[in-house]
Amino acid sequence: MTVMLRTRALSKSFTLHLRGGLLMPVLADIDLEVHAGECVVLSGPSGAGKSTLIRSLYGNYRAEGGSILVRHDATMVDIAAADPRTILAVRHKTLGYVSQFLRVVPRVSALDVVAEVLLTRNIDLDTARDKARSLLLQLNIPSRLHPIPPATFSGGEQQRVNLARGFIAGHPILLLDEPTASLDAENRAVVIRMVQQAKASGTAIVAICHDADVRDAIADRLFTMSPYQDAA
Amino acid sequence: MTEPTLLSGRGLGLSFGGITALADVDVDLWPGEMLAIVGESGSGKTTLLNVLSGRLTPDTGVVWYRDPNGQLHDVHAMPAPALRTLHRSDWGFVHQDPRQNLRMTVSAGGNVGERLMAQGARHYGDIRAAALDWLAQVEIDADRIDDLPRTFSGGMLQRLQIARTLVTHPRLVFMDEPTGGLDVSVQARLLDLIRSLVTRLQIAVVLVTHDIAVARLLAHRIAVMQRGRIVETGLTDQVLDDPRHPYTQLLVSSVLNA
Ligand SMILES: Nc1ncnc2c1ncn2[C@@H]1O[C@H](COP(=O)(O)OP(=O)(O)O)[C@@H](O)[C@H]1O
Ligand SMILES: Nc1ncnc2c1ncn2[C@@H]1O[C@H](COP(=O)(O)OP(=O)(O)O)[C@@H](O)[C@H]1O
Ligand SMILES: [Mg+2]
Ligand SMILES: [Mg+2]
C-alpha cells in the first residue's frame, strides 16, 4: 500500500513568551504512517495534542523536531522543512484540511466559500459552483442559504460548509479536526458516507472525532495519544 | 521551488538622524504573491515600502527588480525617468490617503484614463471604455464617471484609487494601509475587492498594514516588523497561529480573533 504521509520523531512545543518564556512540550517522538485509502483516527483525552498534530501535519504549526513526509506529485515533501511556498503548493494540490471552525470571509457567499479551491485550480466558475451546490445540498444546506455569507449561520451549518469546502477538491490526503462535533445524527451519517467514499477512492485520512459511532464507522486504525506529562 | 523572485531586498538599512527606521532587512517577493508587512505604528513599515519601491534611497542594501524579460534592475541605481516609467506601468502604489494618488480636479473617469494615457493610449473611446469597465470592477456606478472625486465618500475614493492603479495591469503593487481610516463596513467591501482583483489578475503585492485581520485575509506570507527589523516571517497562518517571536506573540494576543 502506498504511504501517503509519514512522520518520524515529530516533536512540537510552545514557548510562551508572555508567560515568562514558559516551555510547553506537546508532541514528542510521534511516528505516524498513513496509507492511501486508510483512515487513522487520533484518540486521546482533551489536551493530548491531537489538534496540534493535525495542524503540524498541515504546516499550520511549525514542527521543531523530526520530519513530516507527504506524498506530493511523485515526491515526498518534508512539511517540517519546506519553505512557505512549497507548503502552499502541497496544500493546493495534495493536503486538504477541515478545521474545527470555519473561518468566514466577509461578503463571500457560502457557495463561493466552497467553490474557491476549484476556482484557484482554473476550473470554470459554473462547473465549480455546480459542484459546490451539490455538495452543500448533500450536506443538507438548503439552496436559500447558498448565496449568503456563512457568518450568520449556526455552528452546525458552518461546520457543514467547512466540510463541503474540504471535500470538494478531492485532495489525496485529508485532515479532519472534529468534523461532526456539532452535527445531528442525520448529518453525521452524511459525513460518514463522504469519508467512506473518499477512502474508497484512495484518499488517506487523519481524523479527530469524539463520537464513538462516527469513529467506529470510519476508522481503520486508532492512533492513541496521551498528554505529554503522562508520557514522560 | 526555484522560481526567481520578482523583487528582492537585501541588507536594507535607513536612519533618519538618530532614528533607525530600517536595519538589516531582507525581503523576497515572488510573482502573484501577497506579502503583508505588519507591526505597530512606527516600526518602519512605510519606510520599507518606500525603499522597496524606490521612493526612498536606503543608507545600505540593495533592491532588485526582475522585469518581464527576466532582466534584473537595481531599483536605486535606475535613472529617474526609467523608475518613473516603471511606476506608471509595471508597478502601482496604493496610498492610505487616496488624495495622494488621485487628481482631485479631474473626473473619476479621467483619473482612471490618465494612467492609460501615460502609457501611450490615445483613442478616446477605448480609454473611456476602459475607465467604465474599471469603475464597474471597483463597484462605482457608471453615472459617476464625470464626477469629481471630491464628491466621493472615503470608501469610493479608495476604490477609485485602486481602479486607477490596476487599469494598466501592473505586475507589482505596493499598498500602504489601504483600508486604514475607513469604517469597518466599508473596509470589508474594499478588502473583498482587493482580494478578488489581485487573485484574478495574479498581481504581486507588498501590503503594509498594522491590522492583523487584514493580513490574515489577504496575504500568503507575512513579515513582522519591530523597530526597523523583521523579527519573524512565514506563512500567514503559521505566523499568526503559532507565533514564535515574543513581539509577534504580543501582537497576536492583543487582537480578538486574530
Ligand atoms: N498555538 C498554541 N499556543 C500555545 N499552546 C498551544 C497552542 N495550540 C495548542 N496548545 C496547547 O497544546 C496542548 C494540546 O492542545 P490540542 O492539540 O488542542 O489538544 P487536543 O486537540 O488533543 O485537545 C494544550 O495544552 C494547548 O493549550
Ligand atoms: N521622513 C522622516 N523623517 C524623520 N523620521 C522619519 C521619517 N519617516 C519615518 N520616520 C521615522 O522612522 C520610523 C519608522 O516610521 P514608519 O516607516 O513611518 O513606520 P510605520 O509605517 O511602521 O508606522 C518612525 O520612528 C518614524 O518617526
Ligand atoms: Mg483538539
Ligand atoms: Mg506607516
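For the structure given in this document, a descriptive report is provided here. (Residues numbered from 1 in each chain as written. Chains lettered and ligands numbered in written order. Predicted model: local features only at pLDDT ≥ 70, side-chain atom pairs only at ≥ 80, totals over all residues. Heavy atoms only, no water.)

Topic: the pairing of strand 8 (residues 173–177) of chain A
All names here are of chain A. Most of strand 8 sits out of view: five of its five residues are buried. Residues Ile173, Leu175 and Asp177 point to one face of strand 8 and Leu174 and Leu176 to the other, with burial holding for every one of them. Sheet analysis places strand 7 (residues 95–98) next to strand 8, joined by four bridges and oriented parallel. Following the sheet pairing, leucine 95 is matched in strand 8 by isoleucine 173. Where strand 8 and strand 9 (residues 204–208) come together, five bridges link them in parallel fashion. Bridge pairing in strand 9 places leucine 176 opposite alanine 207. Crossover strand 8 to strand 9 through helix 6 (residues 185–200) is right-handed. (Buried < 20%, exposed > 50% of the residue type's maximum accessible area, 1.4 Å probe, protein only. Helix = DSSP H or I, 4+ residues; strand = E, 2+ residues; numbered from the N terminus. Pairing = 2+ DSSP bridges. Right-handed = clockwise from strand over helix to strand, strands pointing away.)

Structural notes on the interface of chain B and chain A
Taken residue by residue, the interface counts 31 residues in chain B and 27 residues in chain A. Regarding the contact of chain B and chain A, the summed buried area is about 2,400 Å², with carbon and sulfur atoms giving 51% of it. Linking chain B with chain A are eight salt bridges. For Arg55(A), the salt bridge goes to Asp241(B), with nearest N and O atoms at 3.7 Å. For the interface between chain B and chain A, the tally reads 15 residue pairs in polar contact (both at pLDDT 80 or more). Contributions of two or more residues to the side of chain B that touches chain A are made by helix 6 (184–201), helix 7 (212–218), strand 10 (229–235), helix 8 (236–241) and helix 9 (246–253) of chain B. Per-class residue counts for the side of chain B that touches chain A are 10 nonpolar, eight polar and 13 charged. (Contact = heavy atoms within 4.5 Å. Buried area = accessible area lost by both parts, 1.4 Å probe. Salt bridge = Lys/Arg side-chain N within 4 Å of Asp/Glu carboxyl O. Polar contact = N/O pair within 3.5 Å; in protein donor to acceptor, adjacent residues only side chain to side chain. Nonpolar A, V, L, I, M, F, W, Y, C, P; charged D, E, K, R; others polar.)

Digging into the packing of aromatic side chains
Going through the model one piece at a time under the given rule, you end up with five aromatic pairs over all chains. Both rings, one in Trp91(B) and one in Phe174(B), keep their centres 5.2 Å apart while their planes meet at 70°; by these two values the pair is edge-to-face. Of this pair, Trp91(B) sits in strand 6 (residues 91–94) while Phe174(B) sits in strand 7 (residues 172–176); the two residues are 83 residues apart in sequence, bridging distant segments of the chain. Take Trp91(B) and Phe174(B): they sit in the same class, and that class is buried. Three or more aromatic residues joined by ring pairs make a cluster, and in this case those are Tyr65(B), Trp91(B), Phe93(B) and Phe174(B). Positioned above the aromatic ring of Tyr58(A), the side-chain terminus of Arg91(A) is 4.1 Å from the ring centre. Note that Arg55(B) overlies the ring of Phe93(B), its terminal NZ or CZ placed 4.3 Å from the centroid. (Phe/Tyr/Trp six-rings, centres within 6.5 Å; stacked < 30°, edge-to-face > 60°. Lys NZ or Arg CZ within 6 Å of the ring centre and 35° of its normal.)

Comments concerning the site of ligand 2
All names here are of chain B. Looking at ligand 2, the residues that line it are Phe16, Ile19, Ala21, Glu40, Ser41, Gly42, Ser43, Gly44, Lys45, Thr46 and Thr47. Serine 43 places a main-chain nitrogen or oxygen 3.2 Å from an oxygen atom of ligand 2. Within the contact set of ligand 2, an oxygen atom lies 2.8 Å away from a side-chain nitrogen or oxygen of threonine 46. When ligand 2 is considered free in solution it has 560 Å² of accessible area, and contact with the protein chains removes 59% of it. (Near = heavy atom within 4 Å. Areas by Shrake-Rupley, 256 points an atom, 1.4 Å probe, with all protein chains shown as cover.)

Structural notes on the sheet that holds strand 4 (residues 60–66) of chain B
Hydrogen bonds between backbone groups are what pair the strands of a sheet, and the pairing can be parallel or antiparallel. Residues and elements named next belong to chain B. Judged by pairing direction, the sheet is antiparallel, and its four strands sit side by side in the order 2-1-4-5 without closing on themselves. A single partner strand is all that each edge strand has here, and the edge strands are strand 2 (19–29) and strand 5 (72–74). Adjacent strand axes in the sheet meet at a mean angle of 25° when their direction is disregarded. Looking at chain direction, strand 4 and strand 5 are connected through three bridges and run antiparallel. Within the sheet, the bridge partner assigned to tryptophan 64 lies in strand 5 and is aspartate 74. In the packing of helix 1 (residues 45–52) onto the sheet, contacts are made with strand 1 (7–16), strand 2 and strand 4, and the angle to strand 1 comes to roughly 125°. (Axes fitted to C-alpha atoms, helices over the stretch in contact; angles between N-to-C directions.)

A few points about the sheet that holds strand 10 of chain B
All names here are of chain B. The six strands lie next to each other as 6-7-8-3-9-10, forming an open sheet whose pairing is mixed. If you trace the sheet from one side to the other, it starts and ends with strand 6 and strand 10, each paired once. Adjacent strand axes in the sheet meet at a mean angle of 15°, parallel and antiparallel pairs treated alike. Across five bridges, strand 7 lies against strand 8 (residues 204–208) in parallel orientation. Paired with aspartate 176 across the bridge in strand 8 is valine 208. Sheet contacts for helix 9: strand 3 (34–38), strand 9 (221–226) and strand 10; angle to strand 9, the most-contacted strand, approximately 105°.

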